[in-house]
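Overview (structure and organization)
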Protein chains: 2
Amino acid sequence: MSARSRIPGAVIRRLPRYYRYLSTLHQLGIVRVSSRDMSKALGLTSSQIRQDFSNLGGLGLQGYGYDVDSLLKEIGIILGLDTMYNLIIIGAGNLGHALSNYQNFEKRGFRIIGVFDVDQRIIGKKVNGLTVMHMDELSEFLKENKADIAAITVPRTYAREVAEKVISLGIRGIWNFAPVELEFPDDIVVENIHLSDSLMVLGYNLKQEKKENRA
Amino acid sequence: MSARSRIPGAVIRRLPRYYRYLSTLHQLGIVRVSSRDMSKALGLTSSQIRQDFSNLGGLGLQGYGYDVDSLLKEIGIILGLDTMYNLIIIGAGNLGHALSNYQNFEKRGFRIIGVFDVDQRIIGKKVNGLTVMHMDELSEFLKENKADIAAITVPRTYAREVAEKVISLGIRGIWNFAPVELEFPDDIVVENIHLSDSLMVLGYNLKQEKKENRA
């Protein structure tokens, strides 16, 4: 196991943001950046940023800042952006449509190869160049096409059933958008987007902000 | 400032999950739950859970577990679920549609009161009972309707402009779905949903899982 595999989860979770920020700098021709400048732009403390980057092998030099290109390359390798993943979307409602139209994913190495639903009114229609298939076709489809990740955008009452189905068909990555906690075997990797949770945190912070302004 | 306002951000971020889990238990008639049972269901360690709850005033009794109803009530109060927030959606594309159809939000105290876009083909159409308005109408609308939060679901190149606009019109909460880092004044509360970031973390974890299986 390399040093890289021991990077803490919380650091990993911040890497995409660094990556996005550094990509923009790179496009603008910036070659060096200080942790202080990053701090302002990203809303993290300088020491947090320096600590995060020391986890990646300490690419910064005191007083000189970080080399944008090497940092960008290093983070890209850690995040595996050189790897291509195939993704299927289960649930071709508004959210499924939104995901399939997201052009950023392919740029980051995630290719959407199939969209599935059970609603006869949607099946056969095109979503971003892909024909929506019936869930009954999923098993056959996965025999001929390797998919790594299933995005689950079905109503919450079906989420568990759908997740179990795709896992039984060999998919190891679940991108869950349903507002439920799903239990999975240990070798299944799950990433949740819980929209209500995010909104509740926003509400909490708004309330705190108001309190502080009154104080 | 009360003890509550000093709950660390990382704990706050886990509270919605606890809330969701405890709500389900409550509906099932469960009155007590151990940190061990929660641990299994939520994929957090027991000690993490106990530590989190001690931040809320330590409602558990060694060996007896936690009282579901009091914990639920306490977390609801902290998260401000007794407060009603008004939300507008800027960008009536697929993602905007998906958000406006999300029934969970209103249950959690977030009411969608307006949907805005600049695309003439969408303006005037109904989205979940609300007529899509033109961005030019936003200023008038906000004079007559108090909105706390703007969900920004416009293409990334417009996100900054839209955010500045709604902030200039008095909105303090930004729920940003565009894959950009936006800089805001200190009194503005931002919550980002960066879909690509989440996908990158999923890709990273999949890769790690594969490595470990090979090892």
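**Side note on the relation of the copies chain B and chain A**
In screw terms, the move from chain B to chain A is a rotation of 180 degrees and a rise of 0.0 Å along the axis, fitting with an RMSD of 0.0 Å. The operation mapping one copy onto its partner corresponds to a two-fold rotation axis. Of the C-alpha atoms belonging to chain B, the one lying closest to the rotation axis is found on Asn94 of chain B, 2.6 Å away. Of all interface residues in chain B, 100% are interface residues in chain A too; the two copies therefore contact each other through one and the same surface.

**Side note on the interface of chain B and chain A**
Interface size is often expressed as the accessible area that is lost when the parts come together. Contacts between the two partners involve 68 residues from chain B, matched on the other side by 68 residues from chain A. Counting across the chain B and chain A interface gives eight salt bridges. A salt bridge links Asp82 of chain B to Lys207 of chain A; its shortest N-O distance comes to 3.7 Å. For the side of chain B that touches chain A, the element with the highest residue contribution is helix H9 (residues 195-214) of chain B, accounting for 18 residues. In terms of residue class, the side of chain B that touches chain A is made up of 34 nonpolar, 15 polar and 19 charged.

**As for the pattern of salt bridges**
Any two side chains of opposite charge can pair, on the condition that their charged atoms come close. Under the criterion given, the structure shown has 22 salt bridges over all chains. Across the pair Glu181 of chain B and Arg20 of chain A runs a salt bridge whose closest N-O atoms are separated by 3.2 Å. Remark: Arg20 of chain A occurs in helix H1 (residues 9-27) and Glu181 of chain B occurs in the loop between strand S10 (173-176) and strand S11 (189-192); the pair is interchain, linking two chains. The exposure classification of Glu181 of chain B matches that of Arg20 of chain A, with both residues buried. For Lys143 of chain B, the salt bridge goes to Glu140 of chain B, with nearest N and O atoms at 3.3 Å. Taken together, the positions of Lys143 of chain B and Glu140 of chain B, both in helix H7 (residues 138-144) and three residues apart, correspond to about one turn of that helix. On the basis of relative accessible area, Lys143 of chain B is assigned to the exposed category, the value being 62%. Because the salt bridges share partners, they merge into one network encompassing Arg17 and Arg20 of chain A together with Glu181 and Asp197 of chain B.

**Comments concerning the sheet that holds strand S9 (residues 149-152) of chain A**
Residues and elements named next belong to chain A. In spatial order, the strands read S8-S5-S4-S9-S10-S11; together these six strands make up an open sheet with parallel pairing. A strand with exactly one partner marks an edge of an open sheet, and here the two such strands are strand S8 (133-134) and strand S11 (189-192). As defined by bridge partners, strand S5 (residues 110-117) adjoins S8 across two bridges and the pair is classed as parallel. Each residue of the ladder has a partner; that of Asp117, found in S8, is His134. Each of strand S4 (85-90), S9 and strand S10 (173-176) touches helix H8 (residues 156-168); the most contacted strand, S9, lies at about 170 degrees to it.

**Brief notes about the pairing of S4 of chain A**
Residue and element names in this part refer to chain A. With respect to burial, S4 is a largely interior element, six of its six residues being buried. Across the two faces of S4 the burial is the same, with Tyr85, Leu87 and Ile89 and Asn86, Ile88 and Ile90 all buried. Pairing of S4 with S5 involves six bridges; the strand directions are parallel. When the bridges of S5 are listed, Ile89 appears paired with Val115.

**Overview of helix H4 (residues 68-79) of chain B**
Count 3.6 residues to each turn of an α-helix, and residues three or four apart come out pointing the same way. For H4 of chain B, built from twelve residues, the straight-helix expectation of 16 Å at 1.5 Å per residue is met to within 8% by its first-to-last C-alpha distance of 16 Å. For H4 of chain B, the complete set of buried residues consists of Val68, Leu71, Leu72, Glu74, Ile75, Gly76, Ile78 and Leu79 of chain B. Next to the buried residues of H4 of chain B lie helix H9 (195-214) of chain A together with helix H1 (9-27), strand S1 (32-33), helix H3 (46-55) and strand S3 (65-67) of chain B. At the N-terminal boundary of H4 of chain B, the capping side chain belongs to Asp67 of chain B, with an oxygen 3.3 Å from the backbone nitrogen of Asp69 of chain B. One or two steps after H4 of chain B, the chain reaches Gly80 of chain B, where phi turns positive at roughly 70 degrees.

Reading guide: rules and limits
Residues numbered from 1 in each chain as written. Chains lettered and ligands numbered in written order. Predicted model: local features only at pLDDT ≥ 70, side-chain atom pairs only at ≥ 80, totals over all residues. Heavy atoms only, no water. Least-squares fit on C-alpha atoms with pLDDT ≥ 70 in both. Contact = heavy atoms within 4.5 Å. Salt bridge = Lys/Arg side-chain N within 4 Å of Asp/Glu carboxyl O. Helix = DSSP H or I, 4+ residues; strand = E, 2+ residues; numbered from the N terminus. Nonpolar A, V, L, I, M, F, W, Y, C, P; charged D, E, K, R; others polar. Buried < 20%, exposed > 50% of the residue type's maximum accessible area, 1.4 Å probe, protein only. Pairing = 2+ DSSP bridges. Axes fitted to C-alpha atoms, helices over the stretch in contact; angles between N-to-C directions. Expected span 1.5 Å × (residues − 1). Polar contact = N/O pair within 3.5 Å; in protein donor to acceptor, adjacent residues only side chain to side chain.

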